[in-house]
Amino acid sequence: MNWNPRLIAILSCVCKWFDEVAKQVLWKEFCHARAPKMMLDLHSGGSHIVDGNWKALGKLLIYCNGCTKGGLFNNIHVPGHFVFRTRFSRTAGKSFLPLPCKSDVLYVSDPCEHLDQGEEGDLGFFRGIFKSFATSRVKKMLIEKRARFHPRELCPYCKAKLWNMFQENMIPRSASARLGAYDDSVEYFVCLNGHVIGISTLLPLSDSEEAADE
Ligand SMILES: [Zn+2]
Ligand SMILES: [Zn+2]
């Protein structure tokens, strides 16, 4: 074979393409193995996950991003970390949707607890994903409200722009009850691909148990 530069360039392109495809296939497999029911649901009713988004979704399933000082959640600095067992629930997601958007499908994780964060107290991070965010009522509402994207920060999972649900007054009170967090302490962002990242200040354990029973 004549290894001219052109051929090498072509091969390297094909390899990169192959590499990307292989990675996508692996991430897709990973997501399905990790959360089979959730993946099935995210794919039902004509909805599907765009191929490039499997990696982002895989990461979302197992990685709590925390936050950096001066980032999404002001002065709070909590390093990210892998969390190998996180439960995502569609029922939990309902509590995070504003009233006119209750028909949207949103999966939200249990809070990942970061206790004793100095003045901030006990923090609970959560993450989630919308089914078919592109056609969701939440997205429609954000656009109608002319919500602005965060000026600097991007989605840690897919690098898309983020809307601030707290700023738009779109987080219902049921969210804090669901998390066992103080009223109005819940903040979350949603990216253009429907990934959710949020934070809350958790109530002391005994109080939050009562809240969960309501
Ligand atoms: Zn965490
Ligand atoms: Zn994203």
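Residues numbered from 1 in each chain as written. Chains lettered and ligands numbered in written order. Predicted model: local features only at pLDDT ≥ 70, side-chain atom pairs only at ≥ 80, totals over all residues. Heavy atoms only, no water.

As annotated in an unreviewed UniProt entry, the chain is EID1-like F-box protein 2 from Digitaria exilis.

As for the coordination of the zinc ion (ligand 2)
Applied cut-off: Each metal's donors are the N, O and S atoms within 2.8 Å of it, or within 3.2 Å when it is Na, K or Ca, and because water is not part of the set, sites may look incomplete. Strands are runs of DSSP state E lasting at least two residues, helices are runs of H or I lasting at least four, and both sets are numbered from the N terminus onward. Relative accessibility decides the category of a residue: with a 1.4 Å probe and only protein chains considered, values under 20% of the type maximum give buried, values over 50% give exposed, and everything between is partly exposed.
The protein atoms that coordinate the zinc ion (ligand 2) are C155 (SG), C158 (SG), C191 (SG) and H195 (ND1), at distances spanning 2.1 to 2.3 Å. Between the donor residues of the zinc ion (ligand 2), the gaps in sequence give the motif C-x2-C-x32-C-x3-H. Linking C158 in the loop between β7 (149–154) and β8 (161–164) with H195 in strand β10 (residues 195–201), this pair joins segments that are 37 residues apart in sequence. The pair C158 / H195 is uniform in exposure class, with both members buried.

Some details on the nonpolar core
Test applied: The term nonpolar core refers to a set of buried residues drawn from Ala, Val, Leu, Ile, Met, Phe, Trp, Tyr and Cys, joined through side-chain atoms within 4.5 Å. Any two residues whose heavy atoms approach within 4.5 Å at even a single point are treated as in contact.
With 36 residues, the main nonpolar core has M38, M39, L42, L57, F73 and F125 as its most contacted residues. Mapped onto this core, the elements with two or more residues apiece are α2 (36–42), α3 (54–62), β1 (63–64), β6 (123–130), β9 (187–191) and β10. Broken down by element, this core gets its largest block of residues, 6 residues, from α3. When sequence neighbours within four positions are dropped, the list of residues in contact with L57 reads C31, M39, L42, I49 and I129. The next biggest cluster of nonpolar side chains, apart from the first, holds 24 residues, and it includes L97, F126, W163 and A175.

Digging into the environment of K161
Position of K161 among the secondary structure elements: in strand β8. Relative accessible area serves as the criterion here: at 43%, K161 is assigned to the partly exposed category. Sequence separation between K161 and F82 is 79 residues; the distance between their C-alpha atoms is 23 Å. In this structure, K161 is in contact with F149, L154, V190, C191 and L192, ignoring residues within four places of it in sequence.

What to know about the pairing of β10
Two faces make up the sheet, and in a regular strand the side chains alternate between them. For the record, the criterion: When DSSP finds two or more bridges between two strands, those strands count as paired.
Of all 7 residues in β10, 6 are buried; the element is thus mostly enclosed. Strand direction decides the pairing type here: β6 and β10, joined by 7 bridges, are antiparallel. Residue pairing across strands places F126 opposite G198, the latter belonging to β10. Two elements, β9 and β10, share 4 bridges in a ladder whose sense is antiparallel.

Considering the coordination of the zinc ion (ligand 1)
Operational definition: Sites are called tetrahedral only when four donors show all angles between 85 and 135 degrees, square planar or octahedral only when four or six donors show opposite pairs over 155 degrees and all other angles between 65 and 115, and irregular in any remaining case.
For the zinc ion (ligand 1), the protein coordination sphere consists of C64 (SG), H81 (NE2), C112 (SG) and H114 (NE2), at 2.0 to 2.4 Å. For the zinc ion (ligand 1), the 4 donor atoms are set out with angles of 91 to 121 degrees between them, so the coordination reads as tetrahedral. Mapped onto the sequence, the donors of the zinc ion (ligand 1) take the spacing C-x16-H-x30-C-x1-H. With respect to burial, C112 and H114 carry one shared label: buried.

Quick look at the pattern of salt bridges
Here is the rule we go by: Every case where a carboxyl oxygen of Asp or Glu lies within 4 Å of a side-chain nitrogen of Lys or Arg is listed as a salt bridge.
According to the stated counting rule, one finds 8 salt bridges in the structure shown. K23 is paired through a salt bridge with D19; the nearest N and O atoms lie 3.4 Å apart. Taken together, the residues span about one helical turn, with K23 and D19 both in helix α1 (residues 5–34) at a distance of 4 residues. Judged by its relative accessible area of 34%, K23 is partly exposed. One salt bridge connects D41 with K131, and the closest N-O pair in it is separated by 3.6 Å. Here D41 is found in helix α2, whereas its partner K131 is found in the loop between β6 and α5 (137–144), with 90 residues between them in sequence. The network of salt bridges with shared partners includes D19, E20 and K23.

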